[in-house]
Amino acid sequence: MHSTTQFAWSSKLNWEKYLRPRDLSEALTLMEEYRGEARIIAGGTDLLIQLRKKKLNLKVLIDITNIPGLDRIKCEEGLIKIGALVTHHQAAVSPLLRENAGAISQGASWLGSPQIRNLGTVGGNIVSGQPGADVTIPLLALNARVKVLSKKGERTIPLTEFYEGPGKTVLDSASEIVTEILFPALKEGETSLSLRLAKRKALALPILVSSLVLSADLAKKRFRYVNIALGPVAPIPFRAKEAEQCLASAPIREEIIKEAAQKAAQESNPRTNPLRGSGAYRKDMVAALVERGIQQGLHALEVRHG
Amino acid sequence: MRWRSDMVKEKIEIEVNGEKRILEIEPDQLLVDLLREDLGLTGTKVGCREGECGVCSVILNGKIVTSCLVPALKADGGRITTVEGIERDGELHLLQKEFIYQGAIQCGFCTPAMLLAAKNLLDQNPRPTLEEIKRAISGVLCRCTGYQKIIQAIQIASQSFDIPAQTPRLAQD
Amino acid sequence: MEKRKKKVLLKEKVKVLELPVFQEALGVVGKSEIRVDSQDKVRGKLLYGADMEFPGALCGKVLRSPYPHALIKRIQVEKARGLSGVAAVLTAKDVPGRNGIGVVIPDQPVICGDKVRYVGDAVALVAAETEEIALQALGLIEVEYKSLSPVFSTEEALRPGAPKIHENGNLLATSKIRKGDIAKGFMAAEVILERTYTVPFLEHMYLEPDVTLVTPHPEGWITIKGPMQAPFTTRKNIAAVLGLPMNKVQCIQTPIGGGFGGKEDSPIDLGAKAAVLAWKTGRPVKMEYDREEITLTTAKRHPMIIHCKIGAKKDGTFVAFEGTIYDEQGAYASLGPLIPPAGGVHVHAVIMLAGPYVIPHVKVDGYLVYTNHPYGGAMRGFGAPQVNFAHESLVDELAEILGMDPYELRIKNCVELGSETATSQVLDQSVGLKDAMQKSKEAFQWVKLWKPGPKPEELEKGEKRRGVGMAIGWYRTSIGTDSDGAGVNIHLMDDGSVLVYQALTEMGQGLLTTLSQIAAEALGVSLEDVRMVIPDTDVAPESGPTVGSRSTTLMGNAILMAAEMIKKPLLESASDILGLPVERLIAKNRLIYDRDNPDHCIELKEAAKRSMMLGRRMMGQGWYTPPKSSLDPETGQGTPYFVFTYSAQMAEVEVDLKTGEVEVLKLVAAFDVGKAINPRMVEGQIEGGVMMGLGYALMEELVIKDGIIQNLSFQDYIIPTSMDTPEIIPIIVEHPNVHGPFGAKGIGEMPNIPAAPAITNAIANAIGARIYDLPAHSERVYTAIKDRLNKKV
């Protein structure tokens, strides 16, 4: 016998308690108290959709957006620090990020829509664990680290070690909260950018996101390094290490750029998705976006330094 | 009709269109349903319940958001503007007038959300470029107008929109 | 209002209908009046179905099949019925009357009894006090299915031995055109081009979800209220489902937040289900479909596989056209099959496949085939968008082969006044196609912008390339059925205000305003004096559905007829007061005046008051039927549609050669609409329709795997946003329609038809390679570029 409500949807999302802790300690206590039935909610743009699609069943939501101090963007001791509750809108318009981490502002600026950008947070984007997350990919390219708080204290996890699988992070969602994301501010001769491929120009999940951090000595016509982060091309957000190696200290030449782009395509493994495109196309697009990104990055450096 | 259940209700205090309201709601109430069912403000529409179509958009604490994705309790203590709050003492807002004159309304279902997105834009950026207008309304889908006359109406309204003396020009994303 | 007739001279001996020329300048018609429903919409005060209070109503929900094709062996509802707060759980045997709905063939069960035919087919209905309880009850219903082999394509469905979806087999209908001698035609051809095109399932994605509010009355009748394009068809179907006579079912239309053809039959589906629940429980029932549910279950644009072949002389003259359409109907008949003589999506597509061209030899065959997929119904264009994409892509490619400018090839062969179509219909009036083409050519600067497409090597240079393309099209006014007609009752009150009782439906297109303008003009009152009652089948005459771009023309004419009836007593009374013969009197702008001496006048309401006092009742009734449609089922020859609207569209695109992304930069869209009753609203239809066509060209498709739709919501069913808009330049030309009010013909559907091939032809011009399957999303375009580079052709 078959009993299914696969094709019935509920307007109510059926959580029983909506808690609003006023500080991190309270939040952590509540998380422990409701272990197994609760989740942190910040912007809620991912979480509520998952609840609607019945991918999650939660009794308790713990809204952390009233906790002060988590929505700052600052630069301290050569590190840029983004509070977990910084919204995508804030990230997109922040002069500090636009100047020093263009990849993030770009990624944040085309995600969703103005409405989604006003609600969704950088922390939420990271924690969603989606391999193609628009702000996560740039952070990955920037060698970001994630500060995580629990009752046991604080730990810092490199973003490269943060993911276990699609939608899965190393966080214990019952005892740990992401508080801040940090990465080294870019220096002279360094730039960052993001490129995106999607089916339309707004409100679209990406077919591919490619973020680069590029460091070059234009006078000597040499790359110092290029960090290449891509998604969704693997189960988790991905750094194209072989391509990066190919460019490390390499002369700036078209063949080398093309070779790196090809390598990035080869080492990534996008699957065929009926809604986003074939694996073969997405692989080709890795090469296209990486090549284009490097060209644009070099151009940006030229413009900046004359 | 739909919400009778045994859940323990919670108190919420919000300011809607300039009026303070105190309500008792179920904890899983969504802002869109609070506005429509509890306050009878049906100008805010439901189109998808996924934050994708935008017809549920309202201005919350000065920012345009899709109210179907906002748990009502998240808005506790907040200020909300819905389409009903755009007019003043029965006098239509400049944007509403231009929407009418330019023929920017067809079926009308996206109109409240478009007006709020446009108002949110002009309140922060009174002289937007064409691109900025397109971007500001990009979170509301319209199937009838092709967006043309909506964009024109906002352009024309912006030409006579008052620039308040000391409003900082907030950056556009 | 008098019409002076003007003759039109033609070189050939073709009988051409005489054009009416209006003696007096128009007062209201032809002006871009403000929409009459603006205020409430802009203030958020207009109540749509879901906004209406409906106290005490039960919540209705549907249990749906997860299988595309299966027998229902057993269904167990006792547990669900026992749940507290559940008022009813119904299965097939609980349907009081006919367990079948459908505009043409009632082959769609309200509740499936023996088998399910597509994922989402209804197997049980629940009515409960709250949505929560209703959903819980759904979860308690147990169904035992026996899965059957599903059929997912027309090809599979037509194979001998294929599983039968309906009793009478999978071939639902065929249609054909036989004109001239096709073999002879191709023998005379010097160039022949043959291609196959495919187009997918499309979804209306109207922003307002379907909803229905049903109230059963203890006296034994029932009211169904909700957004609906076809109140009369809804009434007829629900009466049959409940086993009631039609006069016991009332359908009232609530404001519609977008229809596009989808709300022609979705309200029947939703309404019948809620009505059965209401009838059984004796209580009001509200049923709302979730967005995903709408996409899952309601009618779609028919997908088609179109083979076509065109033969021409080297100078570009078309001599022969042959085509075959495999038209996927899906699980149920909806609006696919024939409504004699020329109604229904399928026959319409077959008739239109050869395009608005003069071609002496034409052979077309169409096959309408059931599958275990969601069903095709009415979606803006009703078969025309699909075939237009095919013939405009074919003609465009032919131009390339002939080395001709695609505009020149089209203008050489396209129809004009006096031309004969593929059905041997002589177009005896109102053919503004060439005019539309010339105007669009000027506005677009086609001559400056168009050049032949690139050689393969050119695709390796640079990141982006621009291209331009065009397409032309035509679309009928109204539906080509024997029963086509529209009726209205009008009352002129003695204070000069007017009530119009009609039941065609406003869904954003501007119907209320257009018809009010026509009524105001015809009666001599001003626009504000006219109020149209809410469409209600208890109150308004049967007038068919609001589809097929028929409303302005048919109802407009009915209004003119009704107005004439009212003018008689009105002018009689005015004649009494002014002391002038009736023939000299004109009613306009709330005045009645002497034609020869306009200052000698009275207020219209004075004459109205006098009529009232003397028992001269000012009531008018109009029943308008268009010229009869004809089509021989064996040869497809006849005059299926009495007039056509014409369009020429030109697009400029920029293609990203590295990714295949396409940006549409500019789109010029010209239309011969006969007469624009309200030009600004016509522009609105043009701009909106063109964007829908852009979606068809570049991004829209339902992705179905194993019978299950993968993109049920706005997140993954991609429609254009404001960021995807090009510059759109609408152009209106007017070649008056003798059979239309003030010369008008339809506009609603035409804009979204040639837009798609105009864009794909522009892509072909940019990259020198063709897209044969819609949508032309970035992967398809990229692959076309890559293939071209590899083949070096």
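Quick notes on the rules
Residues numbered from 1 in each chain as written. Chains lettered and ligands numbered in written order. Predicted model: local features only at pLDDT ≥ 70, side-chain atom pairs only at ≥ 80, totals over all residues. Helix = DSSP H or I, 4+ residues; strand = E, 2+ residues; numbered from the N terminus. Rg over C-alpha atoms; globule rule 2.2 N^0.38 Å. Buried ≥ 20, exposed ≤ 12 C-beta atoms within 10 Å, placed from the backbone. Contact = placed C-beta atoms within 7 Å. Nonpolar A, V, L, I, M, F, W, Y, C, P; charged D, E, K, R; others polar. Core = buried A, V, L, I, M, F, W, Y, C linked by C-beta atoms within 7 Å. Domains from an automatic or database assignment. Axes fitted to C-alpha atoms, helices over the stretch in contact; angles between N-to-C directions. Parallel < 35°, antiparallel > 145°, perpendicular 65-115°, else oblique. Left-handed = near helix turned anticlockwise from the far one by under 90°. pLDDT = per-residue confidence, 0-100. Pairing = 2+ DSSP bridges.

(A) How the structure looks around the overall build of chain B. Looking only at helices and strands, chain B features five helices and five strands. Start at the N end of chain B and walk to the C end: the helices and strands fall as β-β-α-β-β-β-α-α-α-α. In terms of overall dimensions, chain B is globule-like: its C-alpha atoms have a radius of gyration of 16 Å, near the 16 Å expected for 173 residues. The C-alpha extent of chain B, read off along each of the three principal axes, is 50 × 40 × 35 Å.

(B) Structural view of the overall build of chain C. Along its length, chain C carries 19 helices and 30 strands. The C-alpha extent of chain C, read off along each of the three principal axes, is 85 × 80 × 50 Å. Classification of the 793 residues of chain C by burial places 64% in the buried group. Long-range pairs, those at least 24 residues apart, make up 79% of the contacts in chain C between residues at least 6 apart in sequence.

(C) The interface of chain A and chain C, seen in detail. Opposite the 28 residues of chain A that make contact, chain C presents 37 residues. Take the side of chain A that touches chain C: its biggest share by element is four residues, from helix α11 (residues 279-305) of chain A. Among the residues forming the side of chain A that touches chain C, the class breakdown is 14 nonpolar, nine polar and five charged.

(D) Here's a closer look at the interface of chain C and chain B. Counting residues at the interface gives 45 residues for chain C, matched by 43 residues for chain B. When contributions to the side of chain C that touches chain B are tallied by element, the ones reaching two or more residues are α1 (38-42), α3 (131-140) and α17 (679-698) of chain C. It is α17 of chain C that contributes the most residues to the side of chain C that touches chain B, seven residues altogether.

(E) Just the nonpolar core, in detail. Among the nonpolar cores identified, the biggest contains 430 residues, and Ala275, Ala519, Ile559, Ile759 and Ile763 of chain C are the most heavily contacted of them. In contact with Ile763 of chain C, not counting residues within four places along its chain, are Gly467, Val653, Val655, Val662, Ile771, Ala776 and Val781 of chain C.

(F) Layout of the domain arrangement of chain C. Residues and elements named next belong to chain C. Domain annotation for chain C reports domain 1 (3-30 + 485-624), domain 2 (49-148 + 204-297) and domain 3 (304-480 + 630-791). Here the C-alpha centroids of domain 1 and domain 3 sit 36 Å apart. Between domain 1 and domain 3, the residue contacts involve 27 residues of the former and 30 residues of the latter. Where the side of domain 1 that touches domain 3 is concerned, the elements lending two or more residues are β2 (19-22), α14 (511-523) and α15 (551-578). Sorting elements by how many residues they give to the side of domain 1 that touches domain 3 places α15 first, with six residues. Its residues assigned to classes, the side of domain 1 that touches domain 3 comprises 12 nonpolar, 12 polar and three charged.

(G) Fine view of the packing of helix α10 (residues 384-402) of chain C against helix α18 (residues 755-767) of chain C. Residue and element names in this part refer to chain C. At a minimum axis separation of 9 Å, α10 and α18 run at an interaxial angle of 30 degrees. Considering the angle they form, α10 stands roughly parallel to α18. In the packing of α10 onto α18, the handedness of the crossing is right-handed. Residue-level inspection shows Pro385, Asn388, Phe389, Glu392, Ser393 and Asp396 of α10 in contact with α18, the latter providing Ala756, Pro757, Thr760, Asn761 and Ala764. Looking at the contact of α10 with α18 residue by residue, the class counts come to five nonpolar, four polar and two charged.

(H) The arrangement of the packing of helix α9 (residues 345-352) of chain C against α10 of chain C in detail. Residues and elements named next belong to chain C. Orientation of α9 relative to α10, taken along the N-to-C sense of each, is 25 degrees, at an axis distance of 9 Å. Considered as vectors, α9 and α10 are oriented roughly parallel to each other. Where α9 crosses over α10, the two elements pack in a sense that is right-handed. Taken together, the residues of α10 that come into contact with α9 (itself represented by His348, Ala349 and Met352) are Ala384, Gln386 and Val387.

(I) Examining the domain arrangement of chain B more closely. All names here are of chain B. Here chain B is partitioned into domain 1 (10-85) and domain 2 (94-159). One C-alpha centre belongs to domain 1, the other to domain 2; they are set 21 Å apart. Broken down by element, the side of domain 1 that touches domain 2 gets its largest block of residues, three residues, from strand β3 (residues 57-60). Split by residue class, the side of domain 1 that touches domain 2 holds six nonpolar, five polar and one charged.

(J) View of the confidence of the model for chain C. Residues and elements named next belong to chain C. On average, chain C scores 95 in pLDDT, and the residues at 70 or more come to 97%. Contacts for the low-pLDDT stretch residues 1-14, under 50 throughout, to residues beyond four places or in other chains number 23 contacts. For this predicted complex, the interface score ipTM comes out at 0.96, alongside a pTM of 0.96.

(K) How the structure looks around the sheet that holds strand β12 (residues 206-217) of chain A. Residues and elements named next belong to chain A. On the basis of which strands lie adjacent, the open sheet formed by four strands has the order β11-β12-β13-β14 and antiparallel pairing. Every interior strand has two partners, whereas the edge strands, β11 (190-198) and β14 (238-239), have only one. One ladder, built from two bridges, connects strand β13 (residues 222-231) with β14; its direction is antiparallel. Note on β14: the bridge partner recorded for Ala229 is Arg239. Against the sheet, helix α5 (residues 102-109) makes contact with β11 and β12, and its axis sits at roughly 20 degrees relative to β11, the strand it touches most. Strand contacts of α11: β11, β12 and β13, with the helix running at about 35 degrees to β12, the strand carrying the most contacts.

(L) Quick look at unusual backbone geometry. Of note, the bond from Gly231 of chain A into Pro232 of chain A is cis; its omega dihedral lies within 30 degrees of zero at -10 degrees. Within the secondary structure, Pro232 of chain A sits in the loop between β13 and β14. Following Leu774 of chain C, the chain continues to Pro775 of chain C via a peptide bond in cis, the omega torsion being -10 degrees. Tracing the chain through its elements places Pro775 of chain C in the loop between α18 and α19 (778-791).

(M) Spotlight on the environment of Pro267 of chain C. Residue and element names in this part refer to chain C. Residue placement: Pro267 occurs in helix α7 (residues 262-281). A C-alpha to C-alpha distance of 44 Å links Pro267 and Ala607, two positions 340 residues apart in sequence. Each residue touching Pro267, except ones within four places of it in the same chain, is listed here: Asp210, Thr212, Gly226, Pro227, Met228 and Thr234.

(N) How the structure looks around the sheet that holds β3 of chain B. Residues and elements named next belong to chain B. Taken in spatial order, the five strands line up as β2-β1-β5-β3-β4 in an open sheet, and their pairing is mixed. Both outer strands of the open sheet, β2 (19-25) and β4 (63-66), are each paired with one neighbouring strand and no more. Averaged over neighbouring strand pairs, the angle between their axes works out to 40 degrees when direction is ignored. Here strand β1 (residues 10-16) pairs with β2 via seven bridges, running antiparallel. Residue pairing for β2: Lys11 is matched across the bridge by Glu24.

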